[in-house]
Amino acid sequence: MSVYLLRRLIQALGVVLAMSVIVFIGVFAIGDPVEILISPDADQMERERAIAALGLDLPLWQQYAIFLGKAVQGDLGRSFVFNEPALQLILQRMPATLELAFAATFGAILIGLPLGLYAGLKPNSVGSKAIMAGSILGFSLPTFWVGLMLIMVFAVQLGWLPSTGRGETVEILGTRWSFLTADGLSHLLMPALNLALFKISLVIRLTRAGVRETMLMDYVKFARAKGLSPFRVTFVHVFKNILIPVVTVTGLEFGSTIAFSVVTESIFAWPGMGKLIIDSINVLDRPVIVAYLMIVVMMFITINLVVDLMYSVLDPRVRLESK
Amino acid sequence: MAEPSPHSAPPTLEVRNLQTHFFTRAGVVRAVDDVSFTIGRGKVLGLVGESGSGKTVTGFSIMGLVDPPGRIVGGSILFQGRDLAKLSEEEMRHLRGNRIAMIFQDPMMTLNPVLRIDTQMIETVQAHEKVSEEEARGRARDALGMVGIPSPDERLKSYPHQFSGGMRQRVAIAIALLHRPDLIVADEPTTALDVTIQGQILAEVQKLCATTGTAMLWITHDLSVVAGLADDIAVMYAGRVVEFGDVGEVLDAPLHPYTHGLIGSVPSRNKRGEPLRQIPGMTPSLLKLPEGCSFRARCPRAQEDCLVMPALHDWLPGRLARCHHPHLDEVATA
Amino acid sequence: MSAVVGQGTPVVKDPGAKDKVETPFRRFASEFMESRLALGGLVVISIIILLAILAPFISPQDPYDLAVLDIMDGRMEPGSLSGDGSITYWLGTDDQGRDMLSGILYGLRISLTVGAGSAFIACMVGASLGLAAAYAGGRTDSIIMRIVDLQLSFPSILVALMILAFLGKSITNVVIAIVVVEWAYYARTVRGTALVERRREYIEAAECLALPRYRILFRHLLPNCLPPLIVIGTMQVARAIALEATLSFLGLGVPITEPSLGLLIANGYEYMLSGKYWISFYPGIALLVTIVAINLVGDQLRDVLNPRLQK
């Protein structure tokens, strides 16, 4: 087990390193950073001084070494726009994004699981067909358009929910959270639903497939042969078996939820790091872009690692397969 | 259609002309198409046939566990005089696991892997009787003891994967016995087990049936198991019972050519050195059964009149066969 | 082409086609038609493509010609008449006085071109690399597949954002981003199929004949990998269109002067809050119908072309 853990850790570290190279080359080597970093009015002297100060006259590998050395110390540069450390900027906005992503994941399970269960138990009913058609829509509808439609219906036409912002927040442990106030919750509802849409479809499909597969198992037939009520067969025997894969996949999807929150945050003006990255790309605030990419990549790799490890604890076969 | 021979006491189970079909996209699969047999109180009936002959579907039909696209389309299943085919799902549920229990083929698959043994046993008790959890646990413990599981108290707290295959099958049998059922449908319960374990379990089951008066439908393809365990035998071929009778009589002098071939193809000590006989050809597809007797194409005795499906006829007292040309000659010499 | 598509399709009796000669293509077509939804999707896609091609001839207005746009006609409701009375804006106008119907027709052109074009390039790149991986095996295979696995573990939007962050925003870069996002799917699919196919005897036969390697790859192996490639390709076109729309919506895609559907929707966003829904709504519907129609066709293609699903 510990060997496996060590190997996975080294692998993860390798991926982080590879990503740092890609991000570094991508952001600093493609295109001309001088153009962006130095004011166009600067004369030749100023330019050269700035180039030297930024280390842009050094060979690329040295620049990368400097970048990496600083990155390890948590220094990913200062934002041109905010004139603040880029890392700090991202970390400030991270709780908002995390809150949104958690709410979406939670909502996806809360909505997707019962619907998928129904569709799996009664695959030929009209309701199930509607659910499955809905899940196809959930997969194919562009998130941003659904977000707009939500705003149009619930904020503009019906006026039930606020369209933008986080609303009233409560501060806990130095960060602000929306879900603890009624107003914050009403602000959270639509963005979370919007972000959850894809995941709801995913959970529905997973649950349905799991139910249909589990229903064919001998132990379910045996449970029925014991004369158990359909309720108990479904909610104890079937449900417990599908819960593990559904929760695992949803957990694994958490990283992509964070990535896709870029779109949702832009629509609902949710002040998270997704909105920050879009703004930063628009004004080419490279240090912030680098910081964002590195942090999201790290989060991704951590999530994958954790889920992998959890799986190998739950299922010994996984360990054997990975040699 | 032949009427099964009348018994003095009402039999525990009497299946008459049962038909269970599966309505698939490719066509109607007549998995069970005219099956009749009776099992008396405390008796064991061996239901024998090749895989795909409809044995298991017969078992599930009795349990009321045929899933769509399958459905019982004809005949009756009289359990202590009540027709199970006419009961509602809810009425059937109260009989299942209570008066009629089932044991499945693969013990590795029948217990739910994520639930502890005690959960799976206590829920069975409580599904049919309003008893406290403590009392249910006591019943579960007794049942485990009855099937020869040592230290049942500890075992109750385990998960299925902590048991061996034989132990799991004992647990499954213990679950079946929880309510002292009148009928147990056992679908090849020993096929997946080692021979020694199989022997132990057979002995236990036989003892239990004798002491509790439970009737048993023992589904198997293993004639030697039937020979040692069953009182009566019903042989199935392509969804139909082709022969029914006392197990000793049938095995000594089978009437139906299929049974004849089946017994001939079993290797045995007293036939050592002789070449094994085999039945030529293959089991027909249940989707497209040939006209007339479905064994016709493989039968050495087939003639023109076999193009008409023969009925299950009692050629001798208590001996039924679905054949126009049964091996009556051999009965005389036997 | 028809013979290739027919590979792996089963013999299914079609009572309606008894007297006709049953070619693989006909069999494929009749099976495809079994789903009315898919057939409907196909019809809708055809209409959309036709509309996009004919846009310059059927649009009431050239939405890119700033000279004909009258700012006075801005944000007019659907059905209103233009200021000079020359056209009726059936779907309203946007903030610059652009006729939404014309905007959508032209937007479809851009969305479809970018979507189908980048999906096609991704297909070429991915299929070639997948084929190479399967055929070469060994180190080539493991390197290519490592990259594929790594990339597929990141969500498409993140990869696309990364590319656009590196290259800056432009329509070309959106295409590049989509290609980078999508090639891995093709590569994985083609490699999987090709690994199975290359063990078949016809490849051995071709190798025995000492045919040139490129010929074996592209004339023998590739055509037999086509069915799954077609399925993936269809789905990926829809994904490409959605991704382009998303990126354009985020302001990272097409220029504001030649809006695709995504940008049209983005333009209408701020007006939606004041109840002027049509600027975002109708382009959204056009986008939605396109994507759903493609997915319906793709779904059915998968069912028909997947030999594993056939019984």
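Residues numbered from 1 in each chain as written. Chains lettered and ligands numbered in written order. Predicted model: local features only at pLDDT ≥ 70, side-chain atom pairs only at ≥ 80, totals over all residues.

**Looking at the overall build of chain C**
For chain C, the count of helices and strands is 11 helices and two strands. In chain C, the succession of helices and strands from N to C terminus is α-α-α-β-β-α-α-α-α-α-α-α-α. Among the 311 residues that make up chain C, the fraction classed as buried is 46%. When contacts within chain C are restricted to residue pairs at least 6 apart in sequence, those whose partners lie at least 24 apart make up 65%. (Helix = DSSP H or I, 4+ residues; strand = E, 2+ residues; numbered from the N terminus. Buried ≥ 20, exposed ≤ 12 C-beta atoms within 10 Å, placed from the backbone. Contact = placed C-beta atoms within 7 Å.)

**Section: the packing of helix H11 (residues 254-268) of chain A against helix H12 (residues 273-283) of chain A**
When two helices pack together, you describe them by how their axes are tilted relative to each other and by the distance separating the axes. All names here are of chain A. Between H11 and H12, whose axes approach to 7 Å, the crossing angle comes to 85°. In terms of axis orientation, H11 runs roughly perpendicular to H12. Within the contact between the two elements, H11 uses Ser-261, Val-262, Glu-265 and Ser-266 and H12 uses Gly-274, Lys-275, Ile-277 and Ile-278. Residues belonging to the contact of H11 with H12 are distributed by class as follows: three nonpolar, three polar and two charged. (Axes fitted to C-alpha atoms, helices over the stretch in contact; angles between N-to-C directions. Parallel < 35°, antiparallel > 145°, perpendicular 65-115°, else oblique. Nonpolar A, V, L, I, M, F, W, Y, C, P; charged D, E, K, R; others polar.)

**Regarding helix H8 (residues 195-212) of chain B**
Between its first and last C-alpha, H8 of chain B extends 26 Å over 18 residues, near the 26 Å set by a 1.5 Å rise per residue. With its phi angle positive at about 75°, Gly-213 of chain B sits one or two positions after the end of H8 of chain B. (Expected span 1.5 Å × (residues − 1).)

**Remarks on the interface of chain C and chain A**
How large an interface is tends to be reported as the accessible area lost when its parts come together. Contacts between chain C and chain A engage 35 residues on the former and 32 residues on the latter. Within the residue set of the side of chain C that touches chain A, elements represented by two or more residues are helix H6 (156-167), helix H9 (213-249), helix H10 (261-272) and helix H11 (278-305) of chain C. Residue contributions to the side of chain C that touches chain A peak at eight residues, all from H6 of chain C. When the residues that make up the side of chain C that touches chain A are grouped by side-chain class, the tally is 26 nonpolar, eight polar and one charged.

**Quick word on the domain arrangement of chain A**
All names here are of chain A. Each assigned domain of chain A is listed here: domain 1 (2-72) and domain 2 (88-314). Computed over C-alpha atoms only, the centres of domain 1 and domain 2 are separated by 34 Å. A total of 10 residues in the side of domain 1 that touches domain 2 trace back to one element, the largest contributor, which is helix H1 (residues 2-29). Classifying every residue of the side of domain 1 that touches domain 2 gives 11 nonpolar, one polar and one charged. (Domains from an automatic or database assignment.)

**Structural notes on the sheet that holds strand S6 (residues 100-103) of chain B**
Residues and elements named next belong to chain B. If you trace the eight strands from one edge of the open sheet to the other, you get S6-S7-S8-S3-S9-S10-S12-S11, paired in mixed fashion. In this open sheet, the two edge strands, each paired with only one partner strand, are S6 and strand S11 (313-316). Each neighbouring strand pair of the sheet contributes to a mean axis angle of 20°, computed without reference to strand direction. Two elements, S11 and strand S12 (residues 319-321), share three bridges in a ladder whose sense is antiparallel. Residue pairing in the sheet places Asp-314 in a bridge with Leu-320 of S12. In the packing of helix H7 (residues 165-177) onto the sheet, contacts are made with S6 and strand S7 (183-187), and the angle to S6 comes to roughly 175°. (Pairing = 2+ DSSP bridges.)

**Some details on the interface of chain A and chain B**
With 16 residues of chain A at the contact, the number on the chain B side is 21 residues. If you list the elements that add at least two residues to the side of chain A that touches chain B, you get helix H9 (218-225) and helix H10 (230-252) of chain A. For the side of chain A that touches chain B, a count of residues per class yields six nonpolar, four polar and six charged.

**A few points about the UniProt feature "transmembrane region" (unreviewed entry) in chain A**
Summarizing the sequence annotation, UniProt attributes the feature "transmembrane region" (unreviewed entry) to residues 12-31, 100-121, 133-156, 188-207, 242-269 and 289-314 of chain A in the numbering used throughout. What you have in residues 133-156 of chain A is 92% helix and 0% strand, and the ends, taken at the C-alpha atoms, are 27 Å apart. (UniProt positions renumbered as here; feature names shortened; annotations may be inferred.)

**So, the sheet that holds strand S1 (residues 13-24) of chain B**
All names here are of chain B. Read across the sheet, four strands follow the order S2-S1-S4-S5 without closing on themselves; strand pairing throughout is antiparallel. Lying at the two open borders of the sheet, with one neighbouring strand each, are strand S2 (27-39) and strand S5 (82-83). When S1 meets S2, the two strands line up antiparallel, connected through nine bridges. Following the sheet pairing, Val-15 is matched in S2 by Phe-37. Contacts from helix H1 (residues 55-63) reach S1, S2 and strand S4 (70-79), with the element oriented near 70° to S2.

**A short note on the UniProt feature "domain: ABC transmembrane type-1" (unreviewed entry) in chain C**
When the UniProt feature table is mapped to this numbering, "domain: ABC transmembrane type-1" (unreviewed entry) covers residues 108-298 of chain C. A helix fraction of 84% and a strand fraction of 0% characterise residues 108-298 of chain C, whose end C-alpha atoms lie 20 Å from each other.

**Here we look at the UniProt feature "transmembrane region" (unreviewed entry) in chain C**
Residues and elements named next belong to chain C. According to UniProt, the positions carrying the feature "transmembrane region" (unreviewed entry) are residues 37-58, 110-135 and 277-298. Between the C-alpha atoms that bound residues 37-58 there is a distance of 28 Å. The span itself is 100% helix and 0% strand. Across residues 110-135 one finds 100% helix and 0% strand; the C-alpha atoms that close the span lie 37 Å apart.

**Describing the packing of H6 of chain C against H9 of chain C**
All names here are of chain C. Running from amino to carboxyl end, H6 crosses H9 at an angle of 55°, the nearest separation of the two axes being 11 Å. In terms of orientation, H6 lies oblique with respect to H9. The two elements H6 and H9 meet at a crossing, and its hand is right-handed. On H9, the residues that touch Ser-156, Ile-157, Ala-160 and Leu-164 of H6 are Leu-243, Thr-246 and Leu-247. Here the residues of the contact of H6 with H9 are counted per class, giving five nonpolar, two polar and no charged. (Left-handed = near helix turned anticlockwise from the far one by under 90°.)

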